[in-house]
Structure formats: C-alpha cells, structure tokens
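Residue strings, one per chain:
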Amino acid sequence: MYLDTIIVGAGFSGLYQLHKCRDQLGLKTLVIEEGKDVGGTWYWNKYPGSRCDTESHIYCYTFSKEIYKNWKWKERYPKQKEILNYLKYVEKKLKLRKDIIFNNRVISATYLENKKLWSLKTNKNRLFYCRYLISAVGSLSVANIPNINGIKSFKGDWYHSGRWPNKKISFKNKKVAQIGTGSTGIQIAPVLAKSVKSLTIFQRTPNYSIPARNRKLTKSFVENTKKNYLKIKNLLTKTPGGHAFHFAKKSIFEFNETKRLKILDKAWLNGGLSFRACFSDITKKLSANKIVSNYIRDKIINIVKDKEIAKKLTDFGHPFTSKRPTLNTNYFETFNRKNVRLIDLKTNPIIKITKNGIRTRKEELKFDKIIFATGYDALSGPILSLNLIGRKKIKLKKYWKNGPKTFLGIMIPNFPNFFIISGPGSPSVLTNVPAQIQQHVEWISNFIKYLEKVKSISVEPSFKETESWVKKINKLAKQSLFMKAKNSWYKGDNIPGKPKKFIPYPAGLPQYRKICNKVQKRMYKGFKISLK
Ligand code: NAP
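Residues numbered from 1 in each chain as written. Predicted model: local features only at pLDDT ≥ 70, side-chain atom pairs only at ≥ 80, totals over all residues. Heavy atoms only, no water.

Considering the overall build of the protein
Here is the rule we go by: Helix and strand assignments come from DSSP, with helices taken as H or I runs of at least 4 residues and strands as E runs of at least 2, each series counted from the N terminus. Each radius of gyration is computed over the set of C-alpha atoms, and the globule rule expresses the reference value as 2.2 Å times the number of residues to the power 0.38. Under the scheme applied here, a residue whose accessible area is under 20% of the maximum for its type counts as buried, over 50% as exposed, and between as partly exposed, the area being computed with a 1.4 Å probe on protein chains only. Every residue pair with non-hydrogen atoms within 4.5 Å of one another is taken to be in contact. Accessible areas in this description were obtained via Shrake-Rupley with a 1.4 Å probe; residue shielding takes into account the shown protein chains only. All tallies of charge rest on Lys and Arg as positive and Asp and Glu as negative; His and the ends of each chain are not included. By convention, the charge on Lys lies at NZ, on Arg at CZ, on Asp at CG and on Glu at CD.
The helix and strand inventory of the protein stands at 16 helices and 20 strands. In terms of overall size, the protein behaves like a compact globule, its C-alpha atoms giving a radius of gyration of 23 Å where 532 residues would be expected to give roughly 24 Å. If one aligns the C-alpha atoms of the protein with their principal axes, the spans along those axes are about 70 × 60 × 45 Å. A burial count over the protein gives 58% of its 532 residues as buried. Within the protein, contacts between residues at least 6 apart in sequence are counted, and of these 72% link residues at least 24 apart. Total accessible area on the protein is roughly 24000 Å²; 52% of this is exposed by carbon and sulfur atoms. Charge-centre separation for the protein: the mean point of 105 positive side chains lies 2 Å from the mean point of 35 negative side chains.

So, the site of the ligand
What counts, and what does not: The near set for a molecule or strand comprises every residue that places at least one heavy atom within 4 Å of it. As used in this structure description, the phrase polar contact means that two N or O atoms lie within 3.5 Å; if the pair is within protein, one of them must be able to donate a hydrogen and the other to accept it, and residues adjacent in sequence are counted only when both atoms belong to side chains. Gly is placed with the polar residues, together with every amino acid not listed as nonpolar (Ala, Val, Leu, Ile, Met, Phe, Trp, Tyr, Cys and Pro) or charged (Asp, Glu, Lys and Arg). Where each domain starts and ends follows an automatic or database-derived domain assignment.
Contacts to the ligand come from 24 residues, most closely from Asp53, Thr184, Thr205, Lys323 and Arg324. Interatomic distance of 2.9 Å between a backbone N/O atom of Arg51 and an oxygen atom of the ligand. Backbone polar atom of Ala373 to an oxygen atom of the ligand: 3.3 Å apart, as the coordinates give it. Contact with the protein chains removes 88% of the 910 Å² of surface that the ligand exposes when unbound. Broken down by element, the shell around the ligand gets its largest block of residues, three residues, from helix H5 (residues 183-193). Considered class by class, the residues forming the shell around the ligand number nine nonpolar, 10 polar and five charged. If you count residues domain by domain, the shell around the ligand takes at least three from each of domain 1 (2-142 + 378-531) and domain 2 (143-208 + 324-375).

Focus on the domain arrangement of the protein
Just so we agree on the cut-off: Throughout, the accessible surface (probe 1.4 Å) given up by two parts as they are put together, summed over both, is called the buried area. A carboxyl oxygen of Asp or Glu within 4 Å of a side-chain nitrogen of Lys or Arg is what we treat as a salt bridge.
Domains assigned within the protein are domain 1 (2-142 + 378-531), domain 2 (143-208 + 324-375) and domain 3 (248-282 + 284-320). Computed over C-alpha atoms only, the centres of domain 1 and domain 2 are separated by 31 Å. Carbon and sulfur atoms supply 46% of the area that domain 1 and domain 2 bury against each other, a total of about 1800 Å² over both sides. Sorting the residues of domain 1 by area buried against domain 2 places Tyr47, Pro48 and Asp53 first, and these three jointly supply 34% of that buried surface. Our count for the domain 1 to domain 2 interface comes out at two salt bridges. The interface formed by domain 1 and domain 2 includes eight residue pairs in polar contact (both at pLDDT 80 or more). Class assignment of the residues belonging to the side of domain 1 that touches domain 2 gives a composition of nine nonpolar, five polar and five charged.

A few points about the side chain of Thr431
Turning to its location among the elements, Thr431 is positioned in the loop between strand E18 (418-420) and helix H14 (433-453). The contact partners of Thr431, leaving out residues within four places of it in the chain, are Pro240, Gly241, His243, Gln436 and Leu509.

Quick look at the packing of aromatic side chains
Aromatic ring pairs are defined here through the distance separating the ring centres and the angle between the ring planes. Just so we agree on the cut-off: Whether two aromatic rings pair depends on their centres lying within 6.5 Å, for rings of Phe, Tyr and Trp, where Trp uses its six-membered ring; planes under 30 degrees apart make the pair stacked, over 60 edge-to-face, and the rest tilted.
With the rule as written, the count across this model stands at 50 aromatic pairs. Relative to Tyr524, the ring of Tyr450 lies with its centre 5.1 Å away and its plane at 45°, an arrangement referred to as tilted. Residue Tyr450 is found in helix H14, and its partner Tyr524 is found in the loop between helix H16 (509-521) and strand E20 (527-531); the two are separated by 74 residues along the sequence. The buried category is assigned to Tyr524, whose relative accessible area is 3%.

Quick notes on the sheet that holds strand E7 (residues 157-160)
Inclusion rule: Note on pairing: two strands pair once DSSP finds at least 2 bridges between them. Every angle, taken between N-to-C directions, lies between 0 and 180 degrees, and every axis is a line fitted to C-alpha atoms, over only the stretch in contact when it is a helix.
Strand order in the open sheet formed by five strands is E7-E16-E8-E9-E12, with parallel pairing between adjacent strands. Where the open sheet ends on each side, the last strands, each with one partner, are E7 and strand E12 (340-344). Across the sheet, the mean angle separating the axes of adjacent strands is 20° when strand polarity is ignored. Of the pairings in the sheet, the one linking strand E8 (residues 175-179) to strand E16 (residues 369-372) comprises four bridges and is parallel in character.

Concerning the pattern of salt bridges
Under the criterion given, the structure shown has 24 salt bridges. The closest approach of N and O atoms between Arg97 and Asp37, which form a salt bridge, is 2.9 Å. Of the two residues, Arg97 is situated in the loop between helix H4 (80-93) and strand E3 (100-101) and Asp37 in the loop between strand E2 (29-32) and helix H2 (41-44); the sequence distance between them amounts to 60 residues. Residue Arg97 is classed as partly exposed on the basis of its relative accessible area, which comes to 34%. Taken together, the shared-partner salt bridges in this structure form one network comprising Arg22, Asp23, Lys98 and Asp99.

This is the structure:
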C-alpha cells in the first residue's frame, strides 16, 4: 500500500498529525496503531488509579476552539477513562478512524534510497510505503520490565502498568506485590490498598510527592475555562512547561522564615505541579531547593505514623524536581494501613521471583499478583523499537549507540523524511505533553507544506547542526538540577546498558519554540533539502 504519509501511533500526537496531514495538507495519510483503539498512553495505562497529574482544562488540544469548548472535564485531574473518551470524541469529530489501522505494530522501517520511500512492515506481515514517515509513538510506551530471575516460574499473574490488559482484573482479597514508586506506583498504591488483602510495596528510591488535591470541577470553573479559551491557549505558549501557571518572580531568599513557610503552606494546600513554582529558584538553585526538599520531608514524616517507615520514605538522596515530580492522593497515608507494607530494596533487595512470590535477601514472601510500576525505556526506546534503517543501510541503533542524536528532537541525519513528535532532544516529558505535541505537529506540518511547495524529494538535518544540538542539550543539562539525581530515567539510568545521557531539551517550551520558529523563518536552516 502506497501513501504520502504514515504516522505511527494513534495517541494525542498521531490523531492531531493525521488531521493536519490529511485535512489541511491534502496528503494521503494513514496511521498505524498497535492497540485495538485510539488513545496511545491512555489506551495502555488502565492500571488502578490511573489519571493525569496535569490539570484537565490544559491537558487537551487547544488547536480547535470548537473541540475545546464542546468537551466538559469533570475533575481537576482527569481519569484515564475520561481522557480516553475525550480522544475518542476528537477522533469522531474529525472523522479520523477511517484512516487508522489498528492491531498492527510496526516492526521495521527501511528507507529505500532509490525510490525515496520508506518501507514499513508490521507484526501482521503487512507492507506499506510512504514518502513521509512520522513517529507519534510517544515517549513512554516501551515498558521497562526488570529482568528479575525466576519471573517465568511465578504461578500468579503479573502486569506492567503501561501494558495493562483490556479485561477487568480483581484484586479483592489478594496478596499483591507492587514494584516501583514513581508517578505510577504512587497512584496505584492508595487505590489498591483499599481492596487487597495485603499490599507490599517494593521501593528502590523514595520519591518526593505533592498532594494532588483533586476535586470535582464546578460549573463556573468549567464555564470560565471556555470563556477564556484564547487566554488559556496563549498562556500555554508562555510558561516553561506549557502549564497554566507562571513561576513566582521572587527567590525564596527574599523572605524571612515565617513568610517562606506561609507561602509554602499555601502552595501545599493548593497542591499540584505548581507547588514547585511558588518561588523562582526551587528548580534552579540547590540552596533554595534544599529548603523546599526539607519542607516536603517534614510533611511526609508528619503523615506517616511509623517513624522507621517515614524515614525510609524520605531518605531521598536527590533534590526535589531533579527527577519527575509526582502528585499523590493519600499515598503516604496508605502506609498507616495495617494491610500495607514497605520493603526498602536498598537494605532488602529482591533475589528472585519464585513460584509463589518474591524472595528477598531477608525473607520469602507469598503473592497472588505482582504489579510492575517500573517505568519505561523512555524517549529513545519507542523510536528504536521501530528498527529504523536509513540511507546507506545505516541502523538507528548504531547511530544512537552512545545516546540519541536529533536536530531539534525532530529529525535525524541519514533518516530522510522521518519526523519525530515529542522525541529525544525536544522538551517532551518535561512539559504538559499535549502542549508540546501541538507545537511539534504544527511545526512539522508547516515544514511538510514547505517541502511540498518546493518539490522536495528528501530532507534531513545536517550532521553539524545535529551534533551541536546534542552538545547544547548536554550543556544545558549540566547547568540544571536534573543532573543532581544519581538515577533518573531522564538520563537513561533506569535501563541497564542504556547510554547515560540527558535526553530531553531542558530549557523550557517557550525557548524551544523560539528556536524552532527561527529555523523555520530562516527557510529551515540546518536541514538539507534535495529537490526533484
Ligand atoms: P518511573 O517514574 O520510571 O518509576 C519507576 C519506579 O520503578 C521507580 O520507583 C524505580 O526506581 C522503580 N524501578 C525501576 N526498575 C526497577 C527495578 N529493576 N527494581 C526495583 N524498582 C525498579 O515510572 P512511572 O512511575 O511509570 O512514571 C513514568 C513517567 O510516566 C512519569 O514520570 C510521568 O512522566 C509519566 N506518568 C504520568 C502520569 C500522569 O499523571 N500524567 C502518571 C503516571 C506516569 P528508581 O527511582 O530507583 O529508578
């Protein structure tokens, strides 16, 4: 099957990109999706307690006033099901389904230099050809399932949060093990704890977490967001993370202790990701960060009744926000329940998974079910899973051997006409992802429009620009607090053998947008465009 454009993935990015390519650029476009339906992340992540920790009125598309105004969010943070329904609504509204094929995973993509086409193969042995190939596979779609000895011998069921089965799973009265305490684990535990017989949480690194303070949205709030559609849309282009809050202008050091505490208490009570923005320097300056990290530690210690457990939950070893900040609803309170236990993997590591459960250095534990909330081979993993082979038979795996290299996070030398939405080298996971996705889809679409106009047959970035983009990211990362975390998936530390390089662009969405716009204005300087 021959197409102008193939998009891989039918989540937030794939759906919008299909609309752009098909309805605005008039290109014959197809989306190939592994799942049975649209949704991407929100199709796969059906685990108990799954919801977004970005506020609903901004965790959505803003490109269409009509779509924005016609959808009513129910809660401050949308549940997985609600986001999935939203994406289905968008898909229906834009009549996208007819150009999506489901249940097909792209297993290889090879550039045919003589034909100037990409050839794609799926796990169902279907073959496709296209001129433009766009990855909309997301940043967090390749599950990290730790290679723990004995997993095959386990008689019970095990699940990864990001590959949650489509059927209903009952945990009622079960003995459950949960491995991992990142954003996902912190969401799962309080929900599961209510119904299981016992929940044993295996923690490798304790995590800072801010109260989410979820609530039902009032009618007047919802009406207000619709009234202020343009204002909100505009605001999301101005804030560093594409969120609806600005960072405070003043440093924490401009206040005495009493006033500092008052500001922190107010932000804590409000909850949400904006907590980190209550002073200008929490995410930038170690001395300011220390004060806030200690504040969070004290709050947690106050919640958890058993002081030994509280200590284990707060033995952070990294500054707040150097790893992905998490939100919680009663996570720390969960450890006050009789049926919940914390295993600190630093002092009591897992030796193996057995027929009946998990053996740690100190004991043998029986479980009916194991949940891996162990994260992802982030950013580069999903792109590499496409098994791309570019010009001169160059394998992407080889070119990225020492870490992902892109220009602007969008294109790769020797991989012509291949575009990435929210890929390595873009702000992606450091932002409110739909905001970044829209910027990328619009930029890529404008680029393709230009390429069509000038009758380009192929385009790719120069090596020089790509190398200098990678250097720029490394330099920016070195100046940031992100590098103060010993182990972080932002740097690939969570995957054995993965190159230890900071992956996303860390200087914020407005700065990144500025750079992209400049490249566009300069007729795509940094890209080599071959004409017919
Ligand atoms: P994660 O942040 O990578 O957390 C994985 C957890 O598993 C960490 O506690 C990690 O410990 C642990 N772990 C990994 N490998 C392990 C091993 N071999 N043995 C024991 N423990 C292990 O993954 P996540 O919680 O799924 O979150 C990933 C990202 O998804 C988030 O950061 C966020 O961007 C996104 N997310 C978003 C939402 C949302 O509300 N929008 C919700 C969930 C997830 P270490 O810390 O020591 O590595």
